[in-house]
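Spelled out, the chains give:
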Amino acid sequence: MAIRSGGSAQPMLLPAHEARRLLASKNISSVELTRLALERIEKLEPKIHAFLTVTPELALEQAEEADKRLNGNGPHPCALTGIPVMVKDNMSTAGVATTAGSRILEGYVPPYDATVVELLRSAGAIIVGKGNLDEFAMGSSNENSAFAPVRNPWDTSRVPGGSSGGAAAAVAAGECFIALGSDTGGSIRQPAALCGVVGMKPTYGLVSRYGLIAFASSLDQIGPLGRDVLDCAHTLNVIARRDPRDSTSVQGPEDDYTKGIDAGVRGMRLAVPREYLAEGIEPGVRSAFEKAVGKLESLGSRIEEISLPLTGHALAVYYIIAPSEASANLARYDGFKYGLSTADAANSWEVMDQTRGRGFGPEVKRRILLGAYALSAGYYDAYYKKAQQVRTLIRREFQQAFERCDALITPTSPTVAFKLGSRTDDPMSMYLSDVCTIPANIAGLPGVSVPAGFSGHLPVGLQILGPPFGDAAILRTAYAYEQATEWRLMHPKSDLIQ
Ligand code: GLN
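Structure report, in brief. Small disclaimer: the values here were computed from a predicted structure and weren't measured.

## Things to note about the packing of aromatic side chains
Piece 1. Evaluation of the coordinates by the stated rule reveals 15 aromatic pairs.
Piece 2. Measuring from ring centre to ring centre gives 5.5 Å for tyrosine 333 and tyrosine 338, while their planes differ by 50°; the resulting arrangement is tilted.
Piece 3. Each ring, one from tyrosine 380 and one from tyrosine 384, has its centre 5.2 Å from the other, and the planes form 40°; the classification is tilted.
Piece 4. Owing to a relative accessible area of 36%, tyrosine 380 belongs among the partly exposed residues under this scheme.
Piece 5. Each residue in the set Tyr108, Phe136, Tyr333, Tyr338 and Phe360 is aromatic and connected to the rest through ring pairs, giving one cluster.

Written out as structure tokens, the structure is:
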């Protein structure tokens, strides 16, 4: 089940900042580290399927450049220089296939890099490949990937969560140190929780969405997954940037998210919203969560229970707004502009019809139908407009809560990783995986999931939510908890991980 990494001989199981120290002290070069990552990917991928594309030549080229930079030739190295990372396959990479987990984008090679990819490259990070995901990031288990389901490194009969399941599984299995995921309703935090790693969704707007294949534009946000909180803070430093190419992006209040990260939680006011512990929470998750609350209290924070009565509406609001935006965003896949196009059609309508019919999977079709329905004349006011109104109320409810507390703490997911296939026939039970994470997207808040122990042999995540632009404060809280526990030292142990 779990092994501790203290003094591990396997550098791929270290946090990135420790691997970075090995690079700085010349104990290892970036080319060597990248080779280790590629070897591990080759060995583990037949069981995990975390990658849709691996880019060994490009990675080794980048690693050579990084080594030069680490040796003082070239721009000043930063925390990610020379570190192997993965990018979820819904972020555009120039010259490297980008599928969003969908058949409809098969064969599509973007001519440009997403802003985050550009930023990673100029930081000197080594992109070893593209992460598997639920098709167009729609899902909570990775079983909606058109190519292969990802398996959870803690137990390969179980899902890694989704939709950034490839990202979380690759970090947990030591195939890379850090991964970029996207989070529309929980897709960074929930898989991070289910795979026992740290995952952070920044405040909406803090990270540019330029080059991210859009699912629901008012909810989508890119963020880091890593083996510990510091790695996520370092990554946020690289990617949080206002970008004129994304009009919703803003300049955040911090220029260094690691500054003051170790200041502790003494005197901080943390609130537990009782609605997040309602029915559906597994006993093992509840008890790990209660212990985590106790730990944060023993570190000097003040804990109070509060009520956020609108929480129960967030899921319904999400499943109107997200599919509505998706139905508009996915209209561009018409069989002409990108990827797949059927050749045996009589006219352009048939091309569109057949390409979309064959190219989209069942969940994506379900969302397009839901969205088109909610936006259609006669239903718009009843569904879409009403959902937007409730969204405003949810935002206000959070605003009021943050007048009384500095951060909210909740479980990240009501359950631990579930068995593959156990929820695929029941979309509603799948959608319920995100009850604890979705409200933050509705309100644009930052949230982080940090490992908080186990239920049986499976990891449990603690979620910390902050007010808009409270990203530094939630990282500080997560760091204080993480450093006071030893969960970050646990790694999945099985024949395939050793
Ligand atoms: N699981 C949620 C959904 O299916 C959220 C996905 C996400 O955050 N991308 O829509």
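## A look at the side chain of glutamate 397
Piece 1. Examined against the element boundaries, glutamate 397 turns out to sit in helix H12 (residues 381–404).
Piece 2. With no salt bridge to any partner, buried glutamate 397 finds its closest opposite charge in arginine 404, at an N-O distance of 10 Å.
Piece 3. Those residues in contact with glutamate 397, other than ones at most four positions away along the chain, are Leu308, Pro309, Leu310 and Thr311.

## Let's talk about the nonpolar core
Among soluble globular proteins, nonpolar side chains are generally buried collectively.
Piece 1. Ranked by internal contacts, the top residues of the largest apolar core, which has 89 residues, are Phe136, Phe398 and Leu408.
Piece 2. In terms of residues, this core owes the most to one element, helix H9 (residues 311–329), which gives nine residues.
Piece 3. Not counting the four nearest positions on each side in its chain, phenylalanine 398 is found in contact with Tyr276, Leu308, Leu408, Pro439, Ala443 and Leu445.
Piece 4. If you look at the next biggest cluster of nonpolar residues, it comprises 63 residues, including Ala16, Ile239, Ile261 and Ala478.

## What about the site of the ligand?
Piece 1. Close to the ligand lie 15 residues; Gly185, Ser187, Tyr318, Arg367 and Asp434 are nearest.
Piece 2. In the model, a nitrogen atom of the ligand is placed 2.8 Å from a nitrogen or oxygen of the serine 140 side chain.
Piece 3. Here an oxygen atom of the ligand and a backbone polar atom of glycine 185 are 2.6 Å apart.
Piece 4. Notes on the ligand: free accessible area 290 Å², of which the protein chains cover 100%.

## A closer look at the pattern of salt bridges
Pairing of side chains with opposite charge becomes possible as their charged atoms draw close.
Piece 1. Counting across every chain of the model gives 16 salt bridges.
Piece 2. Linking lysine 130 and aspartate 89 is a salt bridge whose minimum nitrogen-to-oxygen distance equals 2.9 Å. Placement of the pair is lysine 130 in strand S4 (residues 126–131) and aspartate 89 in the loop between strand S3 (84–88) and helix H4 (115–123), with a sequence separation of 41 residues. Across the pair, exposure class does not vary: lysine 130 and aspartate 89 are buried alike.
Piece 3. The partner of arginine 103 in a salt bridge is glutamate 106, and the shortest N-O contact between them spans 3.1 Å.
Piece 4. When its relative accessible area of 34% is taken as the criterion, arginine 103 is described as partly exposed.
Piece 5. What you see here is one network of salt bridges that share partners, running through Glu118, Asp243 and Arg245.

## What about the sheet that holds strand S10 (residues 407–411)?
Piece 1. Strand order across the open sheet formed by eleven strands is S2-S4-S3-S5-S7-S6-S11-S12-S10-S8-S9, with mixed pairing between neighbours. The open sheet terminates on both sides in strands that have one partner only, identified here as strand S2 (51–54) and strand S9 (302–306). Each adjacent strand pair in this sheet contributes to an overall mean axis angle of 30°, direction not counted.
Piece 2. Contacting strand S6 (198–201), strand S8 (269–273), strand S11 (447–455) and strand S12 (458–465), helix H15 (residues 471–483) crosses the sheet at an angle of about 20° to S11.

What counts as what
- One numbering rule holds for all chains: residues counted from 1, following each sequence as written.
- For this predicted model, a pLDDT threshold of at least 70 governs which residues receive local features, and a threshold of 80 or more governs which side-chain atom pairs are given and counted, while totals over whole chains, interfaces and linings are taken from all residues.
- Neither water nor hydrogens contribute to the side-chain values; these are computed over all heavy atoms in the structure.
- Between 30 and 60 degrees the pair is tilted, below 30 it is stacked and above 60 it is edge-to-face, where a pair is any two Phe, Tyr or Trp rings, Trp via its six-membered ring, whose centres lie within 6.5 Å.
- We call a residue buried when its accessible area falls under 20% of the maximum for its residue type, exposed when it is over 50%, and partly exposed in between, using a 1.4 Å probe and counting protein chains only.
- Here a helix means four or more residues in a row that DSSP labels H or I, a strand means two or more in a row labelled E, and each is numbered from the N terminus.
- The sign given to each residue is positive for Lys and Arg and negative for Asp and Glu; His and the chain ends receive no count.
- The salt bridge definition used is simple: a Lys or Arg side-chain nitrogen within 4 Å of an Asp or Glu carboxyl oxygen.
- Contacts are assigned to residue pairs that have any heavy atoms within 4.5 Å of one another.
- Nonpolar cores are built from buried Ala, Val, Leu, Ile, Met, Phe, Trp, Tyr and Cys residues. Side-chain atoms within 4.5 Å join them into one set.
- A molecule or strand has a residue near it when one of that residue's heavy atoms lies within 4 Å.
- N or O atoms closer than or at 3.5 Å make up a polar contact, with two conditions inside protein: a donor-capable atom paired with an acceptor-capable one, and, for residues adjacent in sequence, both atoms drawn from side chains.
- Methods summary: accessible areas were calculated by the Shrake-Rupley approach with a probe of 1.4 Å, and residue burial reflects only the protein chains presented.
- Paired strands, in this sense, are two strands between which DSSP finds at least two bridges.
- An axis is simply a line fitted to the C-alpha atoms; with a helix, the fit covers only the stretch in contact. Between two such axes, the angle follows the N-to-C directions and lies from 0 to 180 degrees.

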